[in-house]
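# Results of the structural survey
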Amino acid sequence: MNERKSGLVEQQNKVNITTQDVLILAIETSCDETAASVVRNGREVLSDIIYTQIALHTCYGGVVPEIASRKHIEKMNQVIEEALKQAQVTLQDITAIAVTYGPGLVGALLVGVSTAKAISFAAEIPLVGVHHISGHISANYIEHQELEPPFVCLVASGGHSHLVVVKDYGEYEIIGRTRDDAAGEAFDKVARAIGLGYPGGPKIDMLSKEGNPDAISFPRAKVAENEYDFSFSGLKSAVLNYLNSCQMKGITICQADVAASFQKAVVDVLVEHSLHAVKEFGYDKFAIAGGVASNSTLRKAFEEECAKRKIQFFHPSPRLCTDNAAMIGAAGYYEYQKGVTHGYDLNAVPNLSL
Ligand code: KG4
Ligand code: ZN
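Conventions we followed
- Residues numbered from 1 in each chain as written.
- Chains lettered and ligands numbered in written order.
- Predicted model: local features only at pLDDT ≥ 70, side-chain atom pairs only at ≥ 80, totals over all residues.
- Heavy atoms only, no water.
- Helix = DSSP H or I, 4+ residues; strand = E, 2+ residues; numbered from the N terminus.
- Rg over C-alpha atoms; globule rule 2.2 N^0.38 Å.
- Contact = heavy atoms within 4.5 Å.
- Areas by Shrake-Rupley, 256 points an atom, 1.4 Å probe, with all protein chains shown as cover.
- Lys, Arg positive; Asp, Glu negative; His and termini not counted.
- Charge placed at Lys NZ, Arg CZ, Asp CG, Glu CD.
- 1 Å grid on protein atoms, 1.4 Å probe; cavity = no way out; pocket = protein on both sides within 12 Å on 5 of 7 lines; lining within 4 Å.
- Points joined across faces, edges and corners; volume = space filled by probe spheres on them.
- Nonpolar A, V, L, I, M, F, W, Y, C, P; charged D, E, K, R; others polar.
- Domains from an automatic or database assignment.
- Core = buried A, V, L, I, M, F, W, Y, C linked by side-chain atoms within 4.5 Å.
- Buried < 20%, exposed > 50% of the residue type's maximum accessible area, 1.4 Å probe, protein only.
- Salt bridge = Lys/Arg side-chain N within 4 Å of Asp/Glu carboxyl O.
- Phe/Tyr/Trp six-rings, centres within 6.5 Å; stacked < 30°, edge-to-face > 60°.
- Lys NZ or Arg CZ within 6 Å of the ring centre and 35° of its normal.

## Concerning the overall build of the protein
On a plain count of helices and strands, the protein comes out with twelve helices and ten strands. Here the C-alpha radius of gyration of the protein, 20 Å, is about what a compact globule of 354 residues would show, namely 20 Å. Referenced to the eigenvectors of the C-alpha coordinate spread, the extents of the protein come out at roughly 65 × 45 × 35 Å. Contacts spanning at least 24 positions in sequence make up 74% of the contacts within the protein whose residues lie at least 6 apart. For the protein, the computed accessible surface area is about 15000 Å², with 50% contributed by carbon and sulfur atoms. Taking the average place of the 31 positive charges on the side chains of the protein and the average place of its 41 negative ones, the gap between the two points comes to 4 Å.

## Observations concerning the layout of surface pockets
Empty space within the largest pocket amounts to approximately 1100 Å³. Lining the largest pocket are 43 residues, and of these D32, S157, G158, D188 and Y198 sit closest to its centre. Among the secondary structure elements, those contributing two or more residues to the lining of the largest pocket are α5 (132–143), α6 (183–193), α7 (200–208) and α11 (318–321). Here the lining of the largest pocket gets six residues from one element, more than from any other, and that element is α6. In terms of residue class, the lining of the largest pocket is built from 15 nonpolar, 18 polar and ten charged. Counting the residues that make up the lining of the largest pocket, at least three belong to each of domain 1 (2–138 + 322–337) and domain 2 (149–315). By volume, the second largest pocket amounts to about 260 Å³.

## Some points on the nonpolar core
Counting 48 residues, the largest nonpolar core has L154, F218, F232, F262, L270, F286 and F302 as its most contacted members. When residues of this core are traced back to their parent elements, those giving at least two are β6 (151–156), β7 (161–168), α6, α7, α8 (233–249), α9 (255–280), β9 (285–289) and α10 (296–308). If near-sequence neighbours (up to four positions away) are discounted, F302 is found in contact with L154, L270, V271, S274, L275, F286, I288 and F313.

## Observations concerning the side chain of K75
Mapped onto the elements, K75 comes out in helix α3 (residues 65–87). At 4.9 Å, E74 is the nearest oppositely charged side chain to K75, a buried residue that forms no salt bridge. With residues up to four places along the chain from it excluded, the contact list for K75 reads T34 and Y51.

## A look at the pattern of salt bridges
Taken as a whole, this structure holds 19 salt bridges when the rule is applied. D229 is the partner of R179 in a salt bridge, and the nearest nitrogen-oxygen pair spans 2.6 Å. Here D229 lies in the loop between α7 and α8 and R179 lies in the loop between β8 (171–177) and α6, a separation of 50 residues in the sequence. Using a relative accessible area of 5% as the deciding quantity, one classes D229 as buried. Of the charged contacts in the structure, one is a salt bridge between D205 and K209, with a shortest N-O distance of 3.8 Å. The buried category is assigned to D205, whose relative accessible area is 11%.

## Topic: the packing of aromatic side chains
By the definition in use, this model includes 13 aromatic pairs. Summarising the aromatic geometry, the rings of F121 and Y344 are spaced 5.6 Å apart at their centres and angled 85° between planes, so their arrangement reads as edge-to-face. Residue F121 is located in helix α4 (residues 106–123), and its partner Y344 is located in the segment after α12 (326–337); the two are separated by 223 residues in the primary sequence. Using a relative accessible area of 58% as the deciding quantity, one classes F121 as exposed. What makes Y344 partly exposed here is its relative accessible area of 46%. Measuring from ring centre to ring centre gives 6.1 Å for F286 and F313, while their planes differ by 15°; the resulting arrangement is stacked. On the criterion of sequence distance, the pair formed by F286 in strand β9 and F313 in strand β10 (residues 312–314) is long-range, its members being 27 residues apart. In this structure F286 comes out as buried when scored by relative accessible area, which is 0%. Judged by relative accessible area, which is 16%, F313 ranks as buried. An aromatic cluster of three or more residues is present, and its members are Y141, F151, Y169, Y333 and Y334. For K75, the ring lying beneath its charged end belongs to Y51, and the centroid distance is 4.8 Å.

## So, α7
Taken residue by residue, α7 has G200, G201, I204, D205, L207 and S208 as its buried positions. On its buried face, α7 is in contact with α6, α9 and α10.

What follows is the structure in structure tokens.
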């Protein structure tokens with residue numbers, strides 16, 4: 001099994017569990033990662049198991065939903081058993097089971113939700129449904145023990161580009177969103193167009209280090225109706241037009257320059273909109289989350305700009321930015337503490353709103 005183990009695990013699972021501890025067994029299967037984790041008191045990761053299906057989908061150039069669901073079924077129990085084993089706990093120690101129930105691929109979500117319901121019923125453990133984006137945001141609580149709401153968070157993943165005011169634990173106000181493609185989607189599509197393949201984000205991130213970000217001037221879109229909204233489809237078209245015109249003129253493109261110039265255009269827009277929102281809404285704390293938040297140029301740009309503007313900047317480690325179950329455990333803990341539990345009628349909701 002391809003397990004990406006957290007560095008935190010070995011150090012922390014030597015700590016004894018007390019009766020006051022709230023232990024969440026968390027499950028995440030919304031896309032192409034089969035993941036389970038045990039999280040103590042919302043902030044401490046006792047185990048974090050991820051079976052990543054990336055290799056399985058690479059030859060198709062993207063995630064094939066049916067293949068993802070089947071693989072989740074095959075790996076789910078194994079991943080949960082491993083999470084309990086690594087945390088050195090049994091189901092008897094678990095206080096509640098948290099599971100992602102949306103948004104995501106319906107078949108993939110159903111595997112996690114059905115499994116969580118079955119364990120909840122059989123072991124008589126409360127069930128807590130978690131919003132995937134709430135999970136991404138909550139990854140910051142694991143990494144930054146001192147972080148408490150309120151703050152502004154940019155969630156940039158394969159399916160979402162949201163600017164969110166985190167008013168309290170699990171309480172969100174979306175102030176900006178993408179009008180078309182999500183940031184990660186743009187990375188994936190441009191990577192495919194320049195021949196890098198799937199998944200595009202990490203490949204563009206790596207290749208950009210060898211390119212000149214100022215080589216090609218790509219547009220930075222503003223949305224007239226809402227200054228905090230994003231639009232990436234014009235940028236994607238500009239890259240495609242550039243590639244076509246080079247091909248017609250017989251010019252060989254420099255992949256690294258295209259990657260770096262495209263990445264710079266995305267980063268500029270994400271940084272400008274986000275920090276404008278932080279200032280206008282009067283906050284002094286800003287966090288990033290989601291797969292794109294692991295982008296090295298984006299992290300560096302936010303670090304520099306936040307330092308200049310005296311804004312405290314929070315970001316999960318790259319492993320906690322992309323899909324994982326520990327973040328679902330953190331979000332599930334705060335839901336459970338608020339008294340939120342779900343019945344056995346909990347269903348997968350592919351377009352669940354925040
Ligand atoms: O959060 P995530 O793992 O799954 C969703 O909830 O969508 O995000 C996946 C997205 C993909 O589009 C992937 O290309 C992008 O995050 N991504 C990156 C990087 N790592 C992953 N984008 C830019 N730079 C990266 N280093
Ligand atoms: Zn995600």
